[in-house]
Amino acid sequence: MSWLQRNISDIAIVSSGIPFRTRIENEPEGRIAVIQARDLSETGQVQVATSARVRSLPGSTEASLRTGDVLLQPRGTRFSVGVLVDQPILVAAAAPLLVLRCDPEQIDPEFLVLFLQLPRTQAVLRNAAVGTYIPQVPRSAVAGLSVDVPDLASQRKLVEFDRMKRREAELTAQLTARRERLLELAVRELAKKDRGHL
C-alpha cells in the first residue's frame with residue numbers, strides 16, 4: 001500500500017453552503033431538500049429523508065449537491081461529516097456547512113469522511129478554529145488540511161474495515177443490553193421466589 005500526502009484542496013473542491021437570512025422552515029410540498037448540521041449522522045452519511053424541504057432557495061442560487069459530495073460542519077467543537085449517498089430529489093447545503101467535492105480519480109468520498117472523523121483530524125480542526133463564542137474552522141484551513149492518501153483500492157478496503165468495526169460495536173452494544181436485561185429479569189424472578197417463601 002503506497003501513501004501520498006495531499007492537501008484537501010488537491011483532491012477536492014471546497015465550497016460553502018448557501019446562506020439563509022432567516023430560519024429554514026420546512027415546506028412539506030417543497031421540491032428541494034436542504035441539508036443542515038443535524039442531518040449529518042454519526043455513521044457518516046447525509047440523512048436526506050429527514051431534512052427540511054423548501055420550494056425555492058435564496059436569490060438565484062441552485063441546488064447543486066451531487067451524489068458523493070462530502071459535507072462538513074465547521075462550527076463548534078465537534079465537526080460532523082457525512083457523504084451524500086442518495087439523491088432522490090434536488091439537494092442543497094445550508095451555510096455554515098462546507099461542501100467537499102472529491103476528485104474520483106484520487107479519493108473515495110467515504111474514505112475522506114473516515115479521515116475527517118478520526119480523533120487526530122478532529123483535534124487538528126479544533127486547533128484551526130477561530131472565534132471565542134462559537135469557534136469555526138475557516139474554509140481555507142479545511143482546504144489546506146493534509147491528508148495521507150493511499151491508492152483507491154486500499155481506501156475502499158479501509159472504509160469496509162471501518163464499516164465492519166462499527167457493525168461489530170453495534171452488535172456488541174446490543175448483546176450487552178440483552179445480557180443486562182436478562183440479568184434484571186433473573187433478579188426479579190429470584191426476588192419473587194424469595195417473597196413467596198416468606
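As the structure is a prediction and not an experimental result, all values here were calculated from the model.

J.: So, the sheet that holds strand 7 (residues 90–93): which residues are in play, and what are the values?
T.: Read from one edge of the open sheet, three strands run 4-3-7, paired in mixed fashion. In this open sheet, the two strands that pair with only one neighbour each are strand 4 (52–54) and strand 7. Sheet twist, expressed as the average angle between the axes of neighbouring strands with direction ignored, equals 35 degrees. In this structure, strand 3 (residues 32–35) lies alongside strand 4, joined through three bridges in antiparallel fashion. Opposite I32, over in strand 4, you have V54 as the bridge partner.

J.: Break down the side chain of Q36 for me, with residues and values.
T.: By the element assignment, Q36 lies in the loop between strand 3 and strand 4. A relative accessible area of 19% places Q36 in the buried class. Excluding residues that lie within four positions of it along the chain, Q36 makes contacts with I24, A52, A94 and L97.

J.: Lay out the confidence of the model for the protein chain in plain terms, naming residues and giving numbers.
T.: When pLDDT is averaged across the protein chain, the result is 91; 97% of the residues are at 70 or more. Ranking the elements of the protein chain by mean pLDDT puts helix 5 (residues 152–196) last, at 83, and strand 5 (residues 70–72) first, at 98.

J.: So, unusual backbone geometry: which residues are in play, and what are the values?
T.: With an omega of 15 degrees, the peptide bond between A95 and P96 qualifies as cis. Along the chain, the position of P96 falls in the loop between strand 7 and strand 8 (98–102).

J.: Can you break down the pattern of salt bridges residue by residue, with the values?
T.: Taken as a whole and judged by the stated rule, the model has nine salt bridges. The closest approach of N and O atoms between R156 and D108, which form a salt bridge, is 3.4 Å. Placement of R156 in helix 5 and of D108 in the loop between strand 8 and helix 2 (109–117) is noted, with a sequence separation of 48 residues between them. Residue class for R156 comes out partly exposed when judged on its relative accessible area of 46%. Salt-bridge contacts for E110 lead to R163; the nearest nitrogen and oxygen are separated by 2.8 Å.

J.: How would you summarise the nonpolar core if you had to cite specific residues and measurements?
T.: Formed by 28 residues in total, the largest nonpolar core has its most connected members in I8, V70, L100, L112, L116 and V142. Sort the elements by how many residues they give to this core and helix 2 lands first, with six residues.

J.: Could you give an account of the side chain of Q122, naming the residues involved and the relevant values?
T.: Within the secondary structure, Q122 is located in helix 3 (residues 119–128). Given the relative accessible area of 9%, Q122 is considered buried. Setting aside its immediate chain neighbours within four residues, Q122 contacts R78, F79, L116 and Q117.

J.: Can you tell me about helix 3, naming the residues and giving the values?
T.: Buried within helix 3 we find T121, Q122 and L125. Down the axis, helix 3 shows its buried residues gathered within 100 degrees of arc, on one side only. Facing away from the buried side of helix 3 by over 90 degrees, the exposed positions are P119, R120 and N127. Against helix 2 and helix 4 (139–143) lie the buried residues of helix 3.

J.: So what's going on with the environment of P58? Residues and values would help.
T.: Among the structural elements, P58 can be located in the loop between strand 4 and strand 5. Sequence separation between P58 and P19 is 39 residues, and the spatial gap between their C-alpha atoms is 7.8 Å. Beyond its immediate chain neighbours, meaning those up to four positions away, P58 contacts I18, P19 and F20.

What counts and what doesn't
For every chain, the first residue of its written sequence is number 1, and the numbers climb from 1 along that sequence. In view of the model being predicted, local features appear only for residues whose pLDDT reaches at least 70, and side-chain atom pairs are presented and counted only at 80 or more, with totals across whole chains, interfaces and linings using the full set of residues. Values shown for side chains rest on all heavy atoms present in the structure; no hydrogens or waters enter the calculation. At least two DSSP bridges between two strands are needed for those strands to be called paired. Numbering goes from the N terminus for both helices and strands, where a helix is a DSSP run of H or I of at least four residues and a strand is a run of E of at least two. All axes here are fitted lines through C-alpha atoms, helices being fitted over the stretch that makes contact, and every angle between N-to-C directions spans 0 to 180 degrees. Buried, partly exposed and exposed residues are distinguished by accessible area as a fraction of the type maximum, computed with a 1.4 Å probe on protein chains only: under 20%, between the cut-offs, and over 50%, respectively. By the convention used here, residues are in contact when the closest approach between their heavy atoms is within 4.5 Å. Values of pLDDT, ranging from 0 to 100, describe the predictor's confidence in every residue of the model. Salt bridge, as used here, is a side-chain nitrogen of Lys or Arg placed within 4 Å of a carboxyl oxygen of Asp or Glu. Here, nonpolar core refers to any group of buried Ala, Val, Leu, Ile, Met, Phe, Trp, Tyr and Cys residues whose side-chain atoms link them within 4.5 Å. This arc is built from the directions going out from the helix axis to the C-beta atoms.

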